[in-house]
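As a plain string of letters, each chain reads:
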Amino acid sequence: MERNVLFYCVKCEQLKTLEQAGVVFRTGYFRVLYPLGCCVNCGNATR
Ligand SMILES: [Zn+2]
C-alpha cells in the first residue's frame, strides 16, 4: 500500500513521496505502478 504514496520525479529520476510532489502528471506512469511527476525541488529549479 505504501506504493500509492510514491511518484516518480522525471527530473530527479527517483521515486519520491507525494508529499514532495510539485506536479503529478495524470497521463503517464512509471512501471505502471507510479505516477510521473515533478517534485517541489525540481519545480523550483526550472524557474
Ligand atoms: Zn525532482
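Residues numbered from 1 in each chain as written. Predicted model: local features only at pLDDT ≥ 70, side-chain atom pairs only at ≥ 80, totals over all residues.

*Asks:* Which parts of the structure should I look at to understand unusual backbone geometry?
*Replies:* Trans peptide bonds make up the majority, and among non-glycine residues the majority have a negative phi. The phi dihedral of Glu13 is positive, around 55°, even though this residue is not glycine. Its place among the elements puts Glu13 in the loop between β1 (6-9) and β2 (14-17). (Helix = DSSP H or I, 4+ residues; strand = E, 2+ residues; numbered from the N terminus.)

*Asks:* Help me out: how do you make sense of the confidence of the model for the protein chain in this one?
*Replies:* Should pLDDT be low for a region, the predicted coordinates there are not to be read in detail. The predicted model of the protein chain has a mean per-residue pLDDT of 85, with 85% of residues at 70 or higher. Within the protein chain, the element-level pLDDT minimum falls on helix α1 (residues 40-45), averaging 83, and the maximum on β2, averaging 94. (pLDDT = per-residue confidence, 0-100.)

*Asks:* What exactly am I supposed to notice about the sheet that holds strand β4 (residues 34-39) here?
*Replies:* Backbone hydrogen bonds hold the strands of a sheet together, and the pairing may be parallel or antiparallel. Strand order in the open sheet formed by four strands is β2-β1-β4-β3, and the pairing between neighbours is mixed. What marks the edges here is a single partner per strand, and that holds for β2 and β3 (21-30). Adjacent strand axes in the sheet meet at a mean angle of 45° when their direction is disregarded. Looking at chain direction, β1 and β4 are connected through two bridges and run parallel. (Pairing = 2+ DSSP bridges. Axes fitted to C-alpha atoms, helices over the stretch in contact; angles between N-to-C directions.)

*Asks:* It is not clear to me how the nonpolar core should be interpreted in this structure. Could you clarify?
*Replies:* Within soluble globular proteins, side chains that are nonpolar generally end up buried alongside one another. If you look at the biggest cluster of nonpolar residues, it comprises five residues: Phe7, Tyr8, Cys9, Cys38 and Cys39. Of all the secondary structure elements, the ones that give two or more residues to this core are β1 and β4. The greatest single-element share of this core, amounting to three residues, is contributed by β1. In this structure, Cys39 is in contact with Cys9, Cys12, Lys16, Gln20, Ala21 and Gly22, ignoring residues within four places of it in sequence. (Core = buried A, V, L, I, M, F, W, Y, C linked by C-beta atoms within 7 Å. Buried ≥ 20, exposed ≤ 12 C-beta atoms within 10 Å, placed from the backbone. Contact = placed C-beta atoms within 7 Å.)

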